[in-house]
Number of protein chains: 2
Amino acid sequence: MISTSLKKQFIEVVGEDHYRDSSAERLVYSYDATPNFQSMPDAVIVPRTTQEVSEIVKLCNEHRVPIVPRGSGTNLCAGTCPTEGGLVLLFTHMNRILEVDEENLTVTVQPGVVTLDLINEVEARGLFYPPDPSSMKISTIGGNINENSGGLRGLKYGVTRDYVLALEAVLPNGDIVRTGGKLAKDVAGYDLTRLFVGSEGTLCVITEATLKLVPMPETKQTMLALYQDIEAAAKSVSNIISNRIIPATLEFLDQPTLEVVEDFAKIGLPTDVKAVLLIEQDGPREVVERDMKRMEEVCLENQAVSVQLAATEVEAEALRTARRSALSALARLKPTTILEDATVPRSEIAKMVKAINEIAERHDVKICTFGHAGDGNLHPTVATDARDHDEMERVEAAFEEIFAHAIELGGTITGEHGVGMMKAPYLEWKLGPEGIGAMKMIKQSFDPNNIMNPNKVFAKESRKRVVISR
Amino acid sequence: MISTSLKKQFIEVVGEDHYRDSSAERLVYSYDATPNFQSMPDAVIVPRTTQEVSEIVKLCNEHRVPIVPRGSGTNLCAGTCPTEGGLVLLFTHMNRILEVDEENLTVTVQPGVVTLDLINEVEARGLFYPPDPSSMKISTIGGNINENSGGLRGLKYGVTRDYVLALEAVLPNGDIVRTGGKLAKDVAGYDLTRLFVGSEGTLCVITEATLKLVPMPETKQTMLALYQDIEAAAKSVSNIISNRIIPATLEFLDQPTLEVVEDFAKIGLPTDVKAVLLIEQDGPREVVERDMKRMEEVCLENQAVSVQLAATEVEAEALRTARRSALSALARLKPTTILEDATVPRSEIAKMVKAINEIAERHDVKICTFGHAGDGNLHPTVATDARDHDEMERVEAAFEEIFAHAIELGGTITGEHGVGMMKAPYLEWKLGPEGIGAMKMIKQSFDPNNIMNPNKVFAKESRKRVVISR
């Protein structure tokens, strides 16, 4: 609860218009893209400057008010659900691209910039910002940084973390720190930049970022490899890499996903095959042509029933857009869509896909699987109904087995979605008590009053929600 | 001081042969490659397993004995000088390459593996480990990770940090943690992996690492661009990048450095020009040829007096080796060689080189400058004599001005050498009290008894050694 006098103090900082606590406003920010989590904040606050953020944070720290920094709320881990109430901090007034530096190949932005707007701005200048989360049309850079977002180009180009050169951030005590610089190399002390990337708003509020750009690849080609055997598709993935080719994109969609996506996108995707790989390479023309040819051979050697090269950029873009729309397409099936991102070493993709299907069958749930196969980053997804408690129990049990199996294969509980509240109970499976302990030491030292996005990353209780035998 | 009973306990852990406290042994490990720092450890200890490391650390923590993990001691920041005594921890018995995984493109190693041995091992399989610190012939991977070492290939390929996928580490409380995995994507909690990389042995002891490999580039070409004007050389550097070419190597050597290196290496380097750029590109043949041609044009447009392509790989390797030998060559001049690594955004290279020369003149010291120009990472170097106190004062004052100027240009006090003890007094210039404060919180929470490489990164007193006006 925020007292009248504290509310007055917040309004003194941001002005009447930028502190909102009507039921309607609070309701809008009571949830994010993650199903089954909802909790009302006490208010929504919209700062215009870093200085305002610092003053807000100081007040929150003094009065023990939780703060949840939020971009567009597209995360899938309940990372921006205000589970303890408090303030939701929006960046709709801190949404400017401050500078594109063509000599140092950097772009400096405020956190509220929409990812696709940034991408379009730099591409217009022949530069390239590779991280491309599927939600990039609406997600913000601040959200991407907080979640260390991945995307379809992660295999070749890495994830958000690999492109953050410098940050301005407000610590829980109100201190404003600046990390890094427009520097290819900087070892002045601990790597705070990368500690903050992916910290899910639990350590600081990010108020500005300088991102690395690379030259725009000269050209790009796209193809679809069709399989009647899921394991053959998975095998193609590791064979491509062990043939020393790193494609820009290497996506997997199984048949149930294909059907749903085709029904949504209507671009003529094959729905009569067991799986497809969406493969892209970018770079100099000769290299792209050579790599595509070699990858086509690898796919055919691994029992692809056909390999189809997109004839035009329009066709290629339709394929990419269809892939990016998978979540939206699946969300049409049933009221509740649970999309996970268990991740394994890419050599284990075939085993993992097989295990997911066995687990689904055993628990009598229907799982559609797609994802960034080249990264070993799969998105097994269930369309269900939260009101069907029996099915929800089975879904949860199935996902727990999937997490456990991913870890057994040397993988992780989350490749790119983050821990948030949703996966916090499972984090210890990946890190052990010692690893969690080390992370808690950092959290505790930065945020002793636990005001920064409480309940995220670290579970209130580490007991898992459903007990399964492993 | 280590008591007789504690010594007995250490010997119980590692055995009589692996605990050494003779004067001769202690003397050998009382210094590293950094001039002017020497301090005797109480003993040298050589564990064989992670379990032994954990037991050693626990004993040290209990008895407040400082631990200094040390690879080959090639660092240039007094990062492994045992300034508070205690134990020097060696990894000469933990020096195995545990696995090369050709499917996941990873290599798993113990910290004592020599960098070049690793590089040779993976290159024999057509794989590539890009980080190549100049000391790679003798440096260890453990040391590279602790210092986040850079090298000549940093511009295109990044630094050690960008290749560390997973770590096993012993925390100051003796806990063994495992971070990351053979995973292209992993966002399960804070990025401990990258927090530990570059933490200079102040947070943990690294006992195992899994590193990312990339396919070996198909071919490589090397050329030398000669200049009679230093600023023209610097201008070429930023013009190459703003022409959207990212070469594998883009090294700068000024005339004084060229003279010294040629006298050492005797490979026919030009010594009658003011500066050279050593430029390399690797990748598919067509791309390399195209990029080299374009870079040659850019250099000539920027007043290069000539551009010479290495005709053979032998010639190219001689050029690279000569560049890598710069420190050794400079070290022959006088008893004390002080090599720094102030780093600026690459657009500021010309200004920085000019400033270094002006500062040198003003303080009447001779500075040779060379370095990774494409990264903005310069190595201004002074050959001096520590016994000449008057000159040492002037050298120190000059370097302080260089650091201050680098920071004014948006740079940093250290691009790849680390802070260690040597640059600790200047760290606050880069980070401000808030940034130092945040890093100290992490240090304090991990290592409350300050046993892990004390006095490194954080200065005992933040007052700088010589007061200069800025």
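Residues numbered from 1 in each chain as written. Chains lettered and ligands numbered in written order. Predicted model: local features only at pLDDT ≥ 70, side-chain atom pairs only at ≥ 80, totals over all residues. Heavy atoms only, no water.

Per an unreviewed UniProt entry, chain A goes by Glycolate oxidase and derives from [Bacillus] enclensis. Its UniProt record gives chain A a comment under Cofactor (unreviewed entry), which states: "FAD". Among the UniProt annotations of chain A, the heading Sequence similarities (unreviewed entry) holds the following wording: "Belongs to the FAD-binding oxidoreductase/transferase type 4 family." (UniProt positions renumbered as here; feature names shortened; annotations may be inferred.)

A. View of the packing of helix 8 (residues 230–242) of chain B against helix 10 (residues 285–301) of chain B. Residues and elements named next belong to chain B. Axis separation between helix 8 and helix 10 bottoms out at 9 Å; the angle between their running directions is 140 degrees. Of the possible angle classes, the one that applies to helix 8 and helix 10 is oblique. Once helix 8 is placed against helix 10, the crossing between them reads as right-handed. Between helix 8, through Ser-236, Asn-239 and Ile-240, and helix 10, the contact on the second element is made entirely by Met-295, Val-298 and Cys-299. Split into classes, the residues belonging to the contact of helix 8 with helix 10 amount to 4 nonpolar, 2 polar and no charged. (Axes fitted to C-alpha atoms, helices over the stretch in contact; angles between N-to-C directions. Helix = DSSP H or I, 4+ residues; strand = E, 2+ residues; numbered from the N terminus. Parallel < 35°, antiparallel > 145°, perpendicular 65-115°, else oblique. Left-handed = near helix turned anticlockwise from the far one by under 90°. Contact = heavy atoms within 4.5 Å. Nonpolar A, V, L, I, M, F, W, Y, C, P; charged D, E, K, R; others polar.)

B. Looking closely at the nonpolar core. With 204 residues, the main nonpolar core has Phe196(A), Leu211(A), Phe446(A), Phe196(B), Leu211(B) and Phe446(B) as its most contacted residues. In contact with Phe196(A), other than residues within four places in its own chain, are Ile145(A), Leu167(A), Ala169(A), Leu171(A), Val177(A), Thr179(A), Leu203(A), Cys204(A), Ile206(A) and Phe446(A). (Core = buried A, V, L, I, M, F, W, Y, C linked by side-chain atoms within 4.5 Å. Buried < 20%, exposed > 50% of the residue type's maximum accessible area, 1.4 Å probe, protein only.)

C. A look at the environment of Asn302(A). All names here are of chain A. Considering the arrangement of structural elements, one finds Asn-302 in the loop between helix 10 (285–301) and strand 15 (304–309). Note on Asn-302: relative accessible area 8%, which makes it buried. C-alpha of Asn-302 to C-alpha of Asp-229: the two residues are 73 residues apart in sequence and 9.7 Å apart in space. Beyond its immediate sequence surroundings of up to four residues, Asn-302 is in contact with Tyr-227, Ala-232, Lys-235, Ser-236 and Asn-239. Here Asn-239 takes part through its side chain, which lies 3.4 Å from a polar atom of the side chain of Asn-302. (Polar contact = N/O pair within 3.5 Å; in protein donor to acceptor, adjacent residues only side chain to side chain.)

D. Here's a closer look at the UniProt feature "domain: FAD-binding PCMH-type" (unreviewed entry) in chain A. Residues given the UniProt feature "domain: FAD-binding PCMH-type" (unreviewed entry) here are residues 37–216 of chain A. Its end C-alpha atoms 40 Å apart, residues 37–216 of chain A is made of 22% helix and 24% strand.

E. Expanded view of the packing of aromatic side chains. This structure, assessed with the given rule, holds 14 aromatic pairs over all chains. An angle of 15 degrees between the planes, with centres 5.9 Å apart, marks the rings of Phe10(A) and Tyr19(A) as stacked. The residues Phe10(A) and Tyr19(A) share a single accessibility class, namely buried. With centroids separated by 6.0 Å and ring planes inclined at 75 degrees, the aromatic side chains of Tyr129(B) and Tyr163(B) adopt a geometry described as edge-to-face. Of this pair, Tyr129(B) sits in the loop between strand 7 (127–128) and helix 5 (141–147) while Tyr163(B) sits in the loop between helix 6 (154–157) and strand 8 (164–170); the two residues are 34 residues apart in sequence, bridging distant segments of the chain. In this structure an aromatic cluster arises from ring pairing among Phe403(A), Tyr426(A) and Trp429(A). (Phe/Tyr/Trp six-rings, centres within 6.5 Å; stacked < 30°, edge-to-face > 60°.)

F. A look at the sheet that holds strand 4 (residues 87–90) of chain A. Residues and elements named next belong to chain A. Pairing in this open sheet of 4 strands is mixed, and the strands run 1-2-4-3 from one edge to the other. Strands at the two margins of the open sheet, each flanked by one partner only, are strand 1 (19–20) and strand 3 (67–70). In the sheet, strand 2 (residues 43–45) pairs with strand 4 via 3 bridges, with the strands oriented parallel. By the bridge assignment for strand 4, Ala-43 is matched with Leu-87. Packing of helix 3 (residues 50–63) onto the sheet brings it into contact with strand 2, strand 3 and strand 4, and relative to strand 4 it is tilted by some 170 degrees. (Pairing = 2+ DSSP bridges.)

G. Spotlight on the pattern of salt bridges. Counted according to the given criterion, the structure contains 78 salt bridges over all chains. The closest approach of N and O atoms between Glu280(A) and Arg320(A), which form a salt bridge, is 2.4 Å. Separated by 40 residues along the polypeptide, Glu280(A) in strand 14 (residues 275–283) and Arg320(A) in helix 11 (residues 313–324) bring together distant segments of the chain. Like Glu280(A), the residue Arg320(A) is buried in the burial classification. Residue Glu121(B) is joined to Arg125(B) by a salt bridge in which the shortest nitrogen-to-oxygen separation is 3.0 Å. Assessed through its relative accessible area of 31%, Glu121(B) is described here as partly exposed. Where salt bridges share partners, they join Glu102(A), Glu121(A), Arg125(A) and Arg244(B) into one cluster. (Salt bridge = Lys/Arg side-chain N within 4 Å of Asp/Glu carboxyl O.)

H. Structural detail: the domain arrangement of chain A. All names here are of chain A. Segmentation of chain A into domains returns domain 1 (4–90), domain 2 (97–215), domain 3 (219–323) and domain 4 (330–446). Of note, the centres of domain 1 and domain 4, computed from C-alpha atoms alone, are 29 Å apart. On the side of domain 4, 12 residues touch domain 1, which itself brings 9 residues to the contact. Carbon and sulfur atoms make up 73% of the surface buried where domain 1 meets domain 4, a total of about 790 Å² over both sides. Broken down residue by residue, the surface that domain 1 buries against domain 4 is led by Pro-35, Leu-76 and Cys-77, which jointly contribute 60%. The tally of links from domain 1 across to domain 4 stands at 0 salt bridges. Across the contact surface, domain 1 and domain 4 share 2 residue pairs in polar contact (both at pLDDT 80 or more). The class makeup of the residues in the side of domain 1 that touches domain 4 is 5 nonpolar, 4 polar and no charged. (Domains from an automatic or database assignment. Buried area = accessible area lost by both parts, 1.4 Å probe.)

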